Amino acid sequence: MRFSKPSTRVLAASAVVTVLTACTAAQMTPTWEKWFSVNDQENRYETIQNVIYDPAGAVISVGYSSNMDTQQDSLVVLKQATNGTLLWKTTADLGDYDHSWDSVISTDGSVYVATESTLAKFSSSGSLQWQRNISTLINGDAAIRDIEFSNNKIYVAGRDLFVFDVSGNLTNTVAQIAPLWDVAIHSTGIYTAGTGYVRRYTSSLSPVWTYAHPNVQNPPADLAIANDGTVYAATYNDEPQDSAYLTRISSNGTQVWTKFFSDPDTSSYQMPGMPKVRLLPNGNLVLGLSQQPTRIINIIDAANGNVKSSTTQKTGLITRLEVDSKGAIYVVGSNTPQKFDSTGTLLANGKIGGSTEVTSGGLAVTADSIYVGAGAFNNSNMKMYVSRYANQ
């Protein structure tokens, strides 16, 4: 639901360097790009939502394909060699409007995929091992948003926190006050976030602490966790419209600071992006905010939450944001993947071949490669798209 734009904007810091960046950065050209379809003869709408780099030397892409005549959705998993050659493509039937949300790869190369309602496992060779409709198991809306794999367990963040073993058995359900959006597995514990709540558990899922933001939040949330267990949580609000908070929570669960960020684009009534937060190697944070067609990269001082620099681009939503060990920042969304340095300075723009589904987007980064996925038009049809850029 959309609301009226607020008449005032609140700045998150007292002293901010803000730059509206012109397109003076390097232009990246894909070394290869590929389009895929479940069936080229049918009327389908197809996108990629996740891209994973397989350390064995391959690229896994996960998305969905909707039959526009029957409204039936199919989960799609692709595996490519790093030169773009398709190794296999597999599908699993889903219900109406049941789209992929997240995916992870395990140590044996198995791929676990979560949709709105379902968790599925595919082998490293592409065969469907099992498929569990969690909504059916709980007799309600599972509302799945995130999954993680650790110690042969799959942690599924949704209406509650669900835990499965590698054979597809539901082994634990941790009830939540409100829906989750993120789960993170860390050396200091297991963390969940959603609807303004952040919780820390032991590795055996015994509660350690619960933090509740003083202002009511919507479900979307993103977590970054420091080595000492300090938590940084980015949360989304629709009142004030499309605003966000970034909050630092100590390792014992107390609030250190919380900062408000107003609507990224007061002149836009288009799709909002969910806030993304990551820790940089130099100790700063990067906070990505967006609303079509605007994206903002904020570099944040982790000690006090102040904005050190802010770069604004008219390049579309941020659907994925990652950082590498050198502090480079990578974002995808709409049809413009981008690379920034650790100060938020734009280094390079890419361009997806064709108009895209603005909420699609997958991203995987290695030392020498940037892999990008999306839904992109090809011959007047929206198809699954994967490309590679050299990481320079």
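Scoring rules and cut-offs
- Residues numbered from 1 in each chain as written.
- Predicted model: local features only at pLDDT ≥ 70, side-chain atom pairs only at ≥ 80, totals over all residues.
- Heavy atoms only, no water.
- Helix = DSSP H or I, 4+ residues; strand = E, 2+ residues; numbered from the N terminus.
- Contact = heavy atoms within 4.5 Å.
- Phe/Tyr/Trp six-rings, centres within 6.5 Å; stacked < 30°, edge-to-face > 60°.
- Buried < 20%, exposed > 50% of the residue type's maximum accessible area, 1.4 Å probe, protein only.
- Salt bridge = Lys/Arg side-chain N within 4 Å of Asp/Glu carboxyl O.

Undergrad: Whenever I open this one, the environment of I299 confuses me. Can you help?
TA: Residue position: I299 is located in strand 26 (residues 294-300). Between the C-alpha atom of I299 and that of G361, which follows or precedes it by 62 residues, the distance is 23 Å. Other than its neighbours up to four places away in sequence, I299 contacts L280, N284, L285, V286, N306, V307, K308, S309, I329, S342, T343 and G344.

Undergrad: Got a minute to help me understand the packing of aromatic side chains in this structure?
TA: Aromatic rings considered in pairs are described by the distance between their centres and by the relative angle of their planes. Enumeration according to the criterion identifies 9 aromatic pairs in this entry. Summarising the aromatic geometry, the rings of W32 and Y371 are spaced 6.3 Å apart at their centres and angled 45° between planes, so their arrangement reads as tilted. Of this pair, W32 sits in strand 3 (residues 32-36) while Y371 sits in strand 33 (residues 369-378), and the two are 339 residues apart along the sequence. Here the two residues W32 and Y371 agree in accessibility, since each one is buried. Centre to centre, the rings of Y232 and W257 are 6.3 Å apart; their planes meet at 45°, and the pair counts as tilted. Taken together, the residues span a long stretch of sequence, with Y232 in strand 21 (residues 231-237) and W257 in strand 23 (residues 255-261) at a distance of 25 residues.

Undergrad: What is the right way to look at the pattern of salt bridges in this model?
TA: Side-chain pairs of opposite charge can arise where the charged atoms are in close proximity. Applying the stated criterion to the full structure yields 8 salt bridges. E322 is the salt-bridge partner of R278, the closest N and O atoms lying 3.5 Å from each other. Taken together, the residues R278 in strand 24 (residues 276-279) and E322 in strand 28 (residues 320-323) connect sequence positions 44 residues apart. Salt bridges here are not isolated pairs; linked through shared partners, they connect D222, R278 and E322.

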